[in-house]
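Topology and contacts: notes
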Amino acid sequence: MTWLFEILFPRYVWRVKTSDKKIYLTFDDGPIPEVTEWVLEQLRLYNAKSTFFVVGDNVRKYPEIFQKILTDGHCVGNHTQNHIKGWKNETDTYLANFQECEKSISELKPSGTNLFRPPYGQIKRSQANEILKMHKILMWSVLTKDYEANLSERKCLNRAIRQTREGSIVLFHDSLKAQKNLYYVLPRFLEHFSKKGYEFCTIEC
Ligand SMILES: [Zn+2]
């Protein structure tokens, strides 16, 4: 389905055009204790690099976990300060929340970030116009649905493996909601694609 979004919203990045065996993992909504730290351990096992779209409020609460993401050589992107919905907020309110997250990130990482992902994939054109002046808006080509409690772990894994190919941007969540599926899927996903000779890369930093 994302081919349709790619046509409708060509200004956003949906996947990386490459024939190299590269996969772009992304983790949204952290950093939080336990889940994010566990994700970092899994990535380390495969020397996998990834991009974390952080909620500014979590960065403020858990600066030491945010720091671990950076120390491990991963990328970070802005995911708003309070995980707010673009369609439900006025552009000014939305941009202020975006800026607040910029601040949370740059307090710990002075070079900041040039990546943004809108929570729920929802963003108005007027909001995107402003954000695109300084940032890339990074969407995804593989939605693992790890946050869906009713989705079985095996189905979640099969879905993720079936949809992933060269250049895929894969969306996971380092959140409590996704924990059940993530703990099953991520190690198996990493193992599956490592054995096939794939590398796990960051978009850019
Ligand atoms: Zn999110």
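Located above this text is the structure these notes cover.
If you're wondering where the values come from, they're calculated on a predicted model, not measured in any experiment. (Residues numbered from 1 in each chain as written. Predicted model: local features only at pLDDT ≥ 70, side-chain atom pairs only at ≥ 80, totals over all residues. Heavy atoms only, no water.)

1. Structural notes on the overall build of the protein
Rules: Think of it this way: any DSSP run of H or I at least four residues long counts as a helix, any run of E at least two long counts as a strand, and we number them from the N terminus. Radius of gyration here is computed from C-alpha atoms only, and the compact-globule reference equals 2.2 Å multiplied by the residue count raised to the power 0.38. Burial status follows relative accessibility: with a 1.4 Å probe on protein chains alone, a residue under 20% of its type maximum counts as buried, one over 50% as exposed, and anything between as partly exposed. We call two residues in contact when some of their heavy atoms are within 4.5 Å. Where accessible areas are quoted, they stem from the Shrake-Rupley method and a 1.4 Å probe; at the residue level, only the protein chains shown are allowed to cover.
The secondary structure content of the protein amounts to 8 helices and 8 strands. Here the protein has a C-alpha radius of gyration of 16 Å; the compact-globule value for 205 residues is 17 Å, and the two agree. Principal-axis analysis of the C-alpha atoms places the extent of the protein at approximately 45 × 40 × 35 Å. Counting only residues that meet the buried cut, the protein has 51% of its 205 residues in that class. Long-range contacts, defined as pairs at least 24 residues apart, comprise 76% of the intrachain contacts of the protein with a sequence gap of at least 6. Working note: accessible area of the protein is about 10000 Å², and carbon and sulfur atoms make up 51% of it.

2. A short note on the coordination of the zinc ion
Perfect tetrahedral coordination of a metal by four donors corresponds to 109.5 degrees between them, and perfect octahedral coordination by six donors corresponds to 90 or 180 degrees. What counts, and what does not: Here the coordinating atoms are restricted to nitrogen, oxygen and sulfur within 2.8 Å of the metal centre, or 3.2 Å for Na, K and Ca, and because water is not among them the sites may look incomplete.
Within the first shell, the zinc ion binds the protein through Asp29 (OD), His79 (NE2) and His83 (NE2), at distances of 2.1 Å. In terms of primary sequence, the donors binding the zinc ion are separated according to D-x49-H-x3-H. With aspartate 29 in the loop between β1 (22-28) and α2 (35-45) and histidine 83 in the loop between β3 (75-78) and α5 (91-108), the pair connects residues that are 54 residues apart, well separated along the chain. Look at aspartate 29 and you get buried, because its relative accessible area is 18%.

3. Describing the nonpolar core
This is how the line gets drawn: Remark: nonpolar core denotes a set of buried residues (Ala, Val, Leu, Ile, Met, Phe, Trp, Tyr, Cys) joined through side-chain atoms within 4.5 Å.
Leu25, Phe27, Val39, Phe52, Phe172 and Phe189 are the most contacted members of the largest nonpolar core, which has 34 residues in total. With 6 residues, helix α8 (residues 179-195) is the single largest residue contributor to this core. Not counting chain neighbours up to four residues away, the residues in contact with phenylalanine 172 comprise Leu25, Thr26, Phe27, Asp28, Thr144, Asp146, Leu182, Val185, Leu186 and Phe189. Within the second largest apolar cluster, 21 residues are counted, among which are Tyr24, Phe116, Ile131 and Ile137.

4. Structural notes on α5
Counted only if it meets this: A helix's residues, less one, multiplied by 1.5 Å, set its expected span.
Here α5 contains 18 residues, and its C-alpha end-to-end distance of 26 Å stays within 8% of the 26 Å for a straight helix at 1.5 Å per residue. Of the residues making up α5, those classed as buried are Thr91, Tyr94, Leu95, Asn97, Phe98, Cys101, Glu102, Ser104 and Ile105. Residues of α5 that are buried sit in contact with β2 (50-54), α3 (56-61), α4 (63-71), β3, β4 (115-116) and α6 (125-131).

5. Here's the deal with the pattern of salt bridges
Our working rule: The working definition used for a salt bridge is a side-chain nitrogen of Lys or Arg within 4 Å of a carboxyl oxygen of Asp or Glu.
All chains considered together, the criterion is met by 9 salt bridges. A salt bridge links glutamate 153 to lysine 180; its shortest N-O distance comes to 3.6 Å. Of this pair, glutamate 153 sits in helix α7 (residues 153-163) while lysine 180 sits in helix α8, and the two are 27 residues apart along the sequence. For lysine 180, a relative accessible area of 35% corresponds to the partly exposed category. In this structure, a network of salt bridges that share partners links the residues Arg60, Glu100 and Glu107.

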